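Structural description and commentary
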Amino acid sequence: MFGSIRIFMIGIMATAVIGGGVYVMKLRSDNAILKANAIKMESAITEQQELITKQKEDFQEILAANKKMNQLVSVLKKDLEDLDKRFNKKNRDVGKLAIAKTKSIERITNGASALATRCIEIASGSPLTEKEKNATKKSEINSECPSIANPNYIPY
Amino acid sequence: MLILTIFLTSCSGVKTLEIFKTEVEREKLNLDKPTPLELENLRWIIITSNNAEEVFKKLEEQGIDPVLWGLTDKDFELLAKNFARIRNQLKITNDLLDQYKEYYETETDKKDK
């Protein structure tokens with residue numbers, strides 16, 4: 001009788017010791033995984049922060065590009081308005097002027113046509129010449145499209 | 001007891017955190033920009049009722065066929081404005097392309113060009 005109880009108690013104790021051992025090993029293993037997870041999380045947070053910074057930079061770049069394009073549209077619109085003024089300023093009638101001063105209007109037309117041709121070349125990507133880049137006076141600029149031909153010209 | 005212990009410890013296991021990175025970049029297009037235009041200059045001749053004969057005579061003297069394509073002053077104005085609009089559109093499209101290239105191509109790509 002006592003023998004059986006003793007064996008049973010030993011069995012329980014052995015089970016408890018083995019179970020405890022297994023549990024401790026499991027805890028150690030979990031601890032190692034948690035440590036590895038923590039390292040990965042830290043790395044992920046750093047990467048996320050880098051991503052957010054990059055996104056902010058991209059956003060700034062997009063804003064700058066939009067601003068640049070809007071400015072371009074605005075200056076080109078002004079060039080077009082200036083062209084309209086050249087034809088219609090103070091009820092100017094180019095036809096009547098051409099009859100009265102045929103030769104000079106012909107000369108002016110050919111001059112403007114050559115400048116307008118150059119404007120199209122520039123608009124298609126032709127690089128600016130030094131003369132165009134350095135033009136700051138009205139007499140030096142391409143009056144057909146100063147906004148794209150003469151970056152250093154400030155209208156006065 | 002042993003089975004119960006093993007069962008309980010296995011249930012609440014901590015899983016390993018996996019972070020996947022599967023970003024695959026597209027190949028860069030990197031097309032060359034179109035060659036800028038090189039245009040010829042035109043010669044405009046103004047003809048009025050007063051100088052028509054003289055103009056045609058001069059053309060003949062220069063060996064040019066005495067024929068001209070005509071525009072009224074109003075149509076000339078429209079032509080000039082149409083060209084200015086085309087020019088503006090060309091400039092906008094060209095600059096837009098530059099902006100896209102600048103945004104999407106790295107410094108290295110630009111240097112390679």
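These notes cover the structure that comes with them. Small disclaimer: the values here were computed from a predicted structure and weren't measured.

Some points on the side chain of Ser126(A)
Within the element layout of this structure, Ser126(A) appears in the loop between helix 3 (102-123) and helix 4 (130-134). A residue is classified by how much of its surface remains accessible, and Ser126(A), at 15% relative accessible area, is buried. Among the polar contacts listed, one links the side chain of Ser126(A) to the side chain of Arg118(A), at a separation of 3.0 Å. Residue contacts for Ser126(A): discarding those within four places in its chain leaves Arg118(A), Glu121(A) and Pro36(B).

Some points on helix 3 (residues 73-104) of chain B
Taking 1.5 Å per residue, 32 residues should reach 46 Å; helix 3 of chain B reaches 47 Å between its end C-alpha atoms and fits that length. Taken together, the buried positions of helix 3 of chain B are occupied by Glu77(B), Lys81(B), Ala84(B), Arg87(B), Asn88(B), Lys91(B), Ile92(B), Asn94(B), Asp95(B), Gln99(B) and Lys101(B).

Here's the deal with the packing of aromatic side chains
Tallying each qualifying case throughout the model produces five aromatic pairs over all chains. Here the aromatic rings of Tyr100(B) and Tyr104(B) are separated by 6.1 Å at their centres, their planes lie at 15°, and the arrangement is stacked. On the criterion of helical spacing, the pair formed by Tyr100(B) and Tyr104(B) is a turn pair, its members being four residues apart in helix 3. Grouping aromatic residues by their ring pairs yields a cluster made of Phe87(A), Trp44(B) and Phe76(B). The ring centre of Tyr156(A) lies 5.8 Å from the NZ or CZ of Lys138(A), which sits over that ring.

Overview of the state of the cysteines
All names here are of chain A. Using the criterion set out here, one finds one disulfide over all chains in the structure. Two residues share a disulfide in this structure: Cys119 and Cys145, whose sulfurs sit 2.0 Å from each other. Looking down the S-S bond of the Cys119 and Cys145 bridge, the torsion is -95°, so its handedness is left-handed. One end of the pair, Cys119, is in helix 3; the other, Cys145, is in the loop between helix 4 and helix 5 (146-149), and 26 residues separate them in sequence. Neither residue differs from the other here; Cys119 and Cys145 are each classed as buried.

Some points on the pattern of salt bridges
Counted according to the given criterion, the structure contains 16 salt bridges over all chains. The shortest N-O distance in the salt bridge between Asp93(A) and Lys96(A) comes to 3.4 Å. Residue class for Lys96(A) comes out exposed when judged on its relative accessible area of 59%. Taking the shortest distance from any N to any O, the salt bridge between Glu54(B) and Lys58(B) comes out at 3.7 Å. Placement of both Glu54(B) and Lys58(B) in helix 2 (residues 52-61) is noted, with a separation of four residues, approximately one turn of the helix. Residue Glu54(B) is classed as partly exposed on the basis of its relative accessible area of 44%. Owing to a relative accessible area of 36%, Lys58(B) belongs among the partly exposed residues under this scheme. Overlapping salt bridges, with partners in common, bring together Asp84(A), Lys74(B), Glu77(B) and Lys81(B) in one network.

Comments concerning the packing of helix 1 (residues 2-88) of chain A against helix 3 of chain B
Geometry of a packed helix pair, given as the angle between the helix axes and the separation of the axes. Contact geometry for helix 1 of chain A and helix 3 of chain B: axes closest at 10 Å, N-to-C directions at 170°. Overall, the two elements helix 1 of chain A and helix 3 of chain B adopt an arrangement that is roughly antiparallel. The residue inventory of the contact of helix 1 of chain A with helix 3 of chain B, partitioned by class, reads 15 nonpolar, three polar and 13 charged.

Brief notes about the interface of chain B and chain A
Taken together, the 49 residues of chain B in the interface contact 52 residues of chain A. Contact with chain A buries area across many residues of chain B, yet Ile46(B), Arg87(B) and Tyr103(B) alone supply 15% of it, more than any other trio. Along the contact surface separating chain B from chain A lie one salt bridge. For Lys81(B), the salt bridge goes to Asp84(A), with nearest N and O atoms at 2.4 Å. One can count 12 residue pairs in polar contact (both at pLDDT 80 or more) joining chain B with chain A. Those elements that place two or more of their residues in the side of chain B that touches chain A are helix 1 (2-11) and helix 3 of chain B. Here the element with the most residues in the side of chain B that touches chain A is helix 3 of chain B; it accounts for 20 residues. Here the side of chain B that touches chain A is built from residues that sort into 20 nonpolar, 13 polar and 16 charged.

Description of unusual backbone geometry
Residue and element names in this part refer to chain A. Residue Lys90 is not a glycine yet carries a positive backbone phi of 50°. Backbone geometry at Asn91 places phi at a positive 55°, although glycine is not the residue there. In this fold, Asn91 is placed in the loop between helix 1 and helix 2 (94-100).

The rules behind these values
Residue indices follow the written sequence of each chain, beginning from 1 at its first position. Whichever chain is written first is A, and whichever ligand is written first is 1; the rest continue in order. Restriction of local features to residues with pLDDT of at least 70 applies here, the model being predicted, together with a cutoff of 80 or more for giving and counting side-chain atom pairs; totals for whole chains, interfaces and linings are based on all residues. Derived side-chain values reflect all non-hydrogen atoms in the structure, with water molecules and hydrogen atoms excluded from consideration. For helices the rule is a DSSP run of H or I covering at least 4 residues; for strands it is a run of E covering at least 2, with both sets numbered from the N terminus onward. To sort residues, take the accessible area from a 1.4 Å probe on protein chains only and compare it with the maximum for the residue type: under 20% means buried, over 50% means exposed, and anything in between is partly exposed. Think of a polar contact as two N or O atoms within 3.5 Å of one another; within protein, one of them needs to be a possible hydrogen donor and the other a possible acceptor, and neighboring residues in sequence only count if both atoms come from side chains. Contacts are assigned to residue pairs with any non-hydrogen atoms lying within 4.5 Å of each other. Under the convention used throughout, the expected extent of a helix is 1.5 Å for every residue step, that is, one less than its residue count. Note on ring pairs: Phe, Tyr and Trp rings are taken, using the six-membered ring of Trp, and paired if centres are within 6.5 Å. Classes follow the plane angle, with under 30 degrees stacked, over 60 edge-to-face and the rest tilted. Charges are assigned to positions over rings by a cutoff of 6 Å between ring centre and Lys NZ or Arg CZ, combined with an angular limit of 35 degrees from the ring normal. What counts as a disulfide here is a pair of cysteine sulfur atoms lying within 2.5 Å. Each reported salt bridge corresponds to a side-chain nitrogen of Lys or Arg within 4 Å of a carboxyl oxygen of Asp or Glu. To define axes, lines are fitted to C-alpha atoms, for helices over the stretch in contact only, and angles between the resulting N-to-C directions are given on a 0 to 180 degree scale. Note that the term roughly parallel is reserved for angles under 35 degrees, roughly antiparallel for angles over 145, roughly perpendicular for angles of 65 to 115, and oblique for everything else. Under the scheme applied, nonpolar residues are Ala, Val, Leu, Ile, Met, Phe, Trp, Tyr, Cys and Pro; charged residues are Asp, Glu, Lys and Arg; polar residues are all the others, including Gly. What gets called buried area is simply the loss in accessible area from a 1.4 Å probe that two parts show on being joined, summed for both.

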